Amino acid sequence: MRASADLPDLLLAWYDRHRRRLPWRAEPGSRADPYHVWLSEIMLQQTTVATVGPYFRRFLELWPTVSDLAAADLDPVLHAWQGLGYYARARNLHKCAQAVVARHGGVFPDTEDALLDLPGIGSYTAAAIAAIAFDRPATPVDGNFERVFARLHAVETPLPQAKPMLRDLAAQATPARRPGDYAQAVMDLGATICVPRSPKCMACPWMEPCAARRLGIAEQLPRKAEKAEKPTRYGTAFWIVAPTGAVLLRRRVESGLLGGMMEIPSSAWAGQRHALSAVAGEAPVPGDWRALPGLVRHTFTHFHLELTVVATSAAARPVPGGVWAPLDALGDYALPTLMKKIVRHALAQLGRQ
DNA sequence: GATCCGTGGTG
DNA sequence: TCACCAAGGAT
């Protein structure tokens, strides 16, 4: 009979041979910098390793320590975060750095409870930092953990209902020895072997004890509750260019979608299309609008968006809440991907005329 | 608990 | 093409 105590050892032996080298990961035997661990964990929330790499390195260049980050203005932080998405993470990152300096003298706390009190750090991230940076026996249950343990124990209850059960199963399995390596090992396993589609069971160190593998249902787990269909919203973006070659931008409100980021002004995003004549009044300046051919499409977490772009020229007079940005300096502004798509579309359509 | 919050890769 | 997915948190 195989005792459950064998599970961590099997996995750690595999990890010692297959561990991935990642920019934020310490060399075997040495402990990672808590600042690096925290920064990477925030960036990795719902974001792939490949995407995070360049951002992580850039942030360390700009702000080598948590104190440097705390002393920075929010604007450059949002600018460096542009394209990563979930922009509340960047605002909380900045707040958290300031809290670490103010409350903890610039040194990250080493317990889950203290970490959990910091902005942007939830149950997963608190456990991940405690385990990886401080080698505490914490269990950071992310999507990898849920998938691996749903299969290991053949849990057929769909997510998110199964979350508490999976959390318990994972917590019970966490070893006292090398808990940090163990946590990273489960994540590596989920990222490279126990993947969502076509899991590579023949290469898995947990193939023998895996119940789903035995039952032949590994690929079907974890089951998930059906998601609501995404609605489509429609709007009109206003491309306003001054004779100086400057474009009118606006800063979005702090909270909510793309909070705090810059935008190309647009009408409200409504559930149905509206004619230009119906939305022209929502433009920040009056204009002799020209509709550009084509559409800009973008999909957010919970809705699709289709924007028409209309263009006009206008004198570069001050506009309440507006910023005139030189076309050749748009890179200096924190523009989320949707806004970059609008810029690209407008320049392409106007350039061909 | 349900909803909101981005983006790029993938099969 | 498009639904799914990725080291989740805040409200």
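Keep in mind that what you see is a predicted model, and the values were worked out from it rather than measured. (Residues numbered from 1 in each chain as written. Chains lettered and ligands numbered in written order. Predicted model: local features only at pLDDT ≥ 70, side-chain atom pairs only at ≥ 80, totals over all residues. Heavy atoms only, no water.)

**Considering the protein's contact with DNA strand C**
In the vicinity of DNA strand C lie 23 residues, with Gly 120, Thr 125, Asp 142, Asn 144 and Arg 147 positioned nearest. Restricting the count to atoms of DNA strand C within 4 Å of the protein gives a sugar and phosphate share of 66%. Here a base nitrogen of DNA strand C sits 3.1 Å away from a polar atom, N or O, in the side chain of Glu 41. Broken down by secondary-structure element, the contributors of at least two residues to the surface near DNA strand C are helix H8 (123–134) and helix H9 (143–152). Looking at the surface near DNA strand C, its residues break down into eight nonpolar, nine polar and six charged. (Near = heavy atom within 4 Å. Polar contact = N/O pair within 3.5 Å; in protein donor to acceptor, adjacent residues only side chain to side chain. Helix = DSSP H or I, 4+ residues; strand = E, 2+ residues; numbered from the N terminus. Nonpolar A, V, L, I, M, F, W, Y, C, P; charged D, E, K, R; others polar.)

**Focus on the packing of helix H2 (residues 34–43) against helix H3 (residues 49–62)**
H3 packs onto H2 with a crossing angle of 140 degrees between their chain directions and a minimal axis gap of 10 Å. The angle between H2 and H3 falls in the class oblique. The two elements H2 and H3 meet at a crossing, and its hand is right-handed. Along the contact surface, H2 presents Tyr 35, His 36, Leu 39, Ser 40 and Met 43, while H3 presents Val 52, Tyr 55, Phe 56, Phe 59 and Leu 60. (Axes fitted to C-alpha atoms, helices over the stretch in contact; angles between N-to-C directions. Parallel < 35°, antiparallel > 145°, perpendicular 65-115°, else oblique. Left-handed = near helix turned anticlockwise from the far one by under 90°. Contact = heavy atoms within 4.5 Å.)

**Some thoughts on the pairing of strand E1 (residues 232–241)**
For E1, the tally of buried residues reaches eight of ten residues, placing the bulk of the element in the interior. Where E1 meets strand E6 (residues 304–313), ten bridges bridge the pair, whose relative direction is parallel. Bridged to Trp 239 within E6 is Ala 311. (Buried < 20%, exposed > 50% of the residue type's maximum accessible area, 1.4 Å probe, protein only. Pairing = 2+ DSSP bridges.)

**So, H8**
Taking 1.5 Å per residue, twelve residues should reach 16 Å; H8 reaches 16 Å between its end C-alpha atoms and fits that length. In terms of burial, H8 is a largely internal element, eleven of the twelve residues being buried. Of all the residues in H8, the buried ones are Tyr 124, Thr 125, Ala 126, Ala 127, Ala 128, Ile 129, Ala 130, Ala 131, Ile 132, Ala 133 and Phe 134. Where H8 is buried, its residues touch H2, helix H7 (112–116) and helix H11 (179–192). Downstream of H8 by a residue or two, Asp 135 has a phi angle that is positive, lying close to 50 degrees. (Expected span 1.5 Å × (residues − 1).)

**Digging into the domain arrangement of chain A**
One widely used convention gives an interface's size as the accessible area the parts lose upon coming together. Taken domain by domain, chain A consists of domain 1 (4–220) and domain 2 (232–351). In this structure, domain 1 and domain 2 have C-alpha centres spaced 37 Å apart. At the junction of the two partners, domain 1 supplies nine residues and domain 2 supplies 16 residues. The largest contributions to the domain 1 side of the interface with domain 2 come from Gln 82, Tyr 87 and Arg 91, which together make up 51% of the buried area. Connecting domain 1 to domain 2 are two salt bridges. In this structure, Arg 91 engages Glu 254 in a salt bridge whose closest nitrogen and oxygen atoms are separated by 3.9 Å. A per-element tally of the side of domain 1 that touches domain 2 places helix H5 (residues 74–81) first, with four residues. In terms of residue class, the side of domain 1 that touches domain 2 is built from four nonpolar, three polar and two charged. (Domains from an automatic or database assignment. Buried area = accessible area lost by both parts, 1.4 Å probe. Salt bridge = Lys/Arg side-chain N within 4 Å of Asp/Glu carboxyl O.)

**Focus: the state of the cysteines**
Following the criterion strictly, the structure yields zero disulfides and no others. Unpaired in this structure, Cys 201 has its nearest cysteine sulfur neighbour in Cys 210, at a distance of 6.2 Å. (Disulfide = S-S within 2.5 Å.)

**Some words on the packing of aromatic side chains**
Counted by the stated rule, this structure contains eleven aromatic pairs. Measuring from ring centre to ring centre gives 5.4 Å for Trp 24 and Phe 56, while their planes differ by 75 degrees; the resulting arrangement is edge-to-face. One end of the pair, Trp 24, is in the loop between helix H1 (6–18) and H2; the other, Phe 56, is in helix H3, with 32 residues separating them in the sequence. Each member of the pair, Trp 24 as well as Phe 56, is classed as buried. For the pair Phe 238 and Trp 289, a centre-to-centre distance of 5.1 Å together with 50 degrees between the ring planes defines the contact as tilted. With Phe 238 in strand E1 and Trp 289 in the loop between helix H13 (276–279) and strand E4 (290–291), the pair connects residues that are 51 residues apart, well separated along the chain. The class of Phe 238 is buried, set by a relative accessible area of 0%. Its relative accessible area of 14% is what places Trp 289 among the buried residues. Among the aromatic side chains, those forming a connected cluster through ring pairs are Tyr 35, Trp 38 and Phe 108. One cation-aromatic arrangement involves Arg 233 over Phe 303; the distance from NZ or CZ to the ring centre is 4.0 Å. (Phe/Tyr/Trp six-rings, centres within 6.5 Å; stacked < 30°, edge-to-face > 60°. Lys NZ or Arg CZ within 6 Å of the ring centre and 35° of its normal.)

**What to know about the protein's contact with DNA strand B**
Residues in contact with DNA strand B amount to 18 residues; listed here are only the nearest, Tyr 87, Leu 258, His 298, His 302 and Thr 337. If you look at DNA strand B and keep only atoms within 4 Å of the protein, 61% of those are sugar or phosphate atoms. Contact distances for DNA strand B include 2.8 Å between a phosphate oxygen and a backbone N or O atom of Tyr 87. Backbone polar atom of Leu 257 to a phosphate oxygen of DNA strand B: 3.3 Å apart, as the coordinates give it. At the level of secondary structure, the elements contributing two or more residues to the surface near DNA strand B comprise strand E5 (296–299) and helix H14 (337–351). Of the residues in the surface near DNA strand B, the class split is eight nonpolar, ten polar and no charged.

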